[in-house]
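Residues per chain are reported as follows:
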Amino acid sequence: MKITLQNLTKTFPNRNKKVKKDVVAVHDFSFDIPDGELVGLLGPSGCGKSTTLNMICGLEKPTSGQIFFGEENVTALAPEHRGVGMVFQNYALYPHLTVKQNILFPLQNLKGKDKLSKEEMQKRADDAARLVQIDELMERKPSELSGGQQQRVAIARALVKMPRVLLLDEPLSNLDARLRLQTREEIRKIQRATHITTVFVTHDQEEAMSISDRIVVMKEGVVQQIGKPQEVYDSPVNLFVAKFLGTPPINVFDGRVKNETLYIGEEAVFPAKGIPDQEVYVGIRPEGFLLKEDGALSCNLGGIEVMGRDISIVSTHAHSLSPQIRAIVGTDKAVNPAAPLVRFDIEPDKLFLFHKTTEERIRLDGQV
């Protein structure tokens, strides 16, 4: 089911009575979610991603704009008539019901032409439980399950209705790190098996990038960038997106362009053909540092962290915006931990320039 959001805006009354202006949670959001894709809404707390999800579900009514499922305008349609399955952050299971009863509950409330026989309901519940691998837990109650098992019950309950759209609101945030990794892989597997159009809300960029067909990066209710995860990582449109995606995060420096050359401090670190003289922010991904004895950029060596297949070189620089710089290099690279300085060249496709005022991307010659 294709989902179309047209100029979607949601405002709330400002609780500060001294400020008459409404709070804009989502501003003029337009996007087509292709049929059968898993799309991640990504951004920090308060960016409007959950509000967007609630408008798709019907729990929130847009202040303006429209929502379409296929060709059907569902903007004014009640949630129960939209054909959506919703999975909440806190699972929202009924503690006094068994797993089977929790999964069956949405089907038992169907009426009229949608009403199912007991046999049909049981088959659907069994199929949903098998899909999420909890078919052996059907007689247990939620208190007897782990967090990951409870999450799978919530997903089965959403899927049992055979929804047109599956909506997941930070479904992994209550799980520990290892279980989060396992469960996100299962969600992706389930989505591929069912081909249900899925919208996944998270503040965790690693989660969004690992399972999404596309990601939507949001900030303060405004969409910053939409694209395939790797494309957005490789080509951020502004400094916010560049800083939000990536672990370890991108290293940002104060720099300047002079005579078509990029400088960090007094060091000429890269050619900047065709770019006018100006102050800029310089972003360098951790994997974009090339360790060289005569490298263009010198940093004060702080330490070396061995991480198995990689080495993290921790250093500092007077023009860095963060206290530490992290460079990721292979274990085959020799670093003298007693040296006062470490020098780098920079990979062209891991170096980004941003306008000092607008923070919009300034593309270097040859960059896409």
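First, a word on scope: everything that follows refers to the structure included in this document. (Residues numbered from 1 in each chain as written. Predicted model: local features only at pLDDT ≥ 70, side-chain atom pairs only at ≥ 80, totals over all residues. Heavy atoms only, no water.)

This part covers the packing of aromatic side chains. With the rule as written, the count across this model stands at three aromatic pairs. Across the ring face of Y263, the terminal group of R256 is positioned such that the distance to the ring centre comes to 4.8 Å. Cation over ring: R285 sits above Y233, and NZ or CZ is 3.9 Å from the ring centre. (Phe/Tyr/Trp six-rings, centres within 6.5 Å; stacked < 30°, edge-to-face > 60°. Lys NZ or Arg CZ within 6 Å of the ring centre and 35° of its normal.)

On to the pattern of salt bridges. Summed over all chains, the structure comprises 18 salt bridges. Its salt-bridge partner being E60, residue K10 comes within 3.7 Å of it at the nearest N-O pair. With K10 in strand β1 (residues 3–12) and E60 in the loop between α1 (49–57) and β4 (64–69), this pair connects stretches of sequence that are 50 residues apart. Residue classification places K10 among the buried positions, given a relative accessible area of 10%. For K350, the salt bridge goes to D234, with nearest N and O atoms at 3.9 Å. (Salt bridge = Lys/Arg side-chain N within 4 Å of Asp/Glu carboxyl O. Helix = DSSP H or I, 4+ residues; strand = E, 2+ residues; numbered from the N terminus. Buried < 20%, exposed > 50% of the residue type's maximum accessible area, 1.4 Å probe, protein only.)

Turning our eyes to something else, we now look at the sheet that holds strand β20 (residues 351–355). Taken in spatial order, the six strands of this open sheet run β13-β12-β11-β14-β20-β21, and their pairing is antiparallel. The sheet is open, and its two edges are formed by β13 (267–271) and β21 (361–362), each paired on a single side. With four bridges connecting them, strand β12 (residues 261–264) and β13 associate as antiparallel partners. From the neighbouring strand, L262 faces β13, where its bridge partner is F270. (Pairing = 2+ DSSP bridges.)

Structurally, the position occupied by T197 is in strand β8 (residues 197–202). At 2.6 Å, the side chain of T197 forms a polar contact with the backbone oxygen of M1. At 3.5 Å, the side chain of T197 and the side chain of D35 are in polar contact. Beyond its immediate sequence surroundings of up to four residues, T197 is in contact with M1, I3, I33, P34, D35, G36, E37, R164, V165 and L166. (Polar contact = N/O pair within 3.5 Å; in protein donor to acceptor, adjacent residues only side chain to side chain. Contact = heavy atoms within 4.5 Å.)

Attention shifts here to the pairing of strand β19 (residues 341–346). Burial along β19 is one-sided: V342, F344 and I346 are buried, while L341, R343 and D345, pointing the other way, are not. One ladder, built from three bridges, connects strand β15 (residues 289–291) with β19; its direction is antiparallel. Bridge pairing in β19 places L290 opposite D345. Pairing analysis gives four bridges linking strand β16 (residues 297–306) to β19, with the strands arranged antiparallel. Bridge pairing in β19 links C299 to V342.

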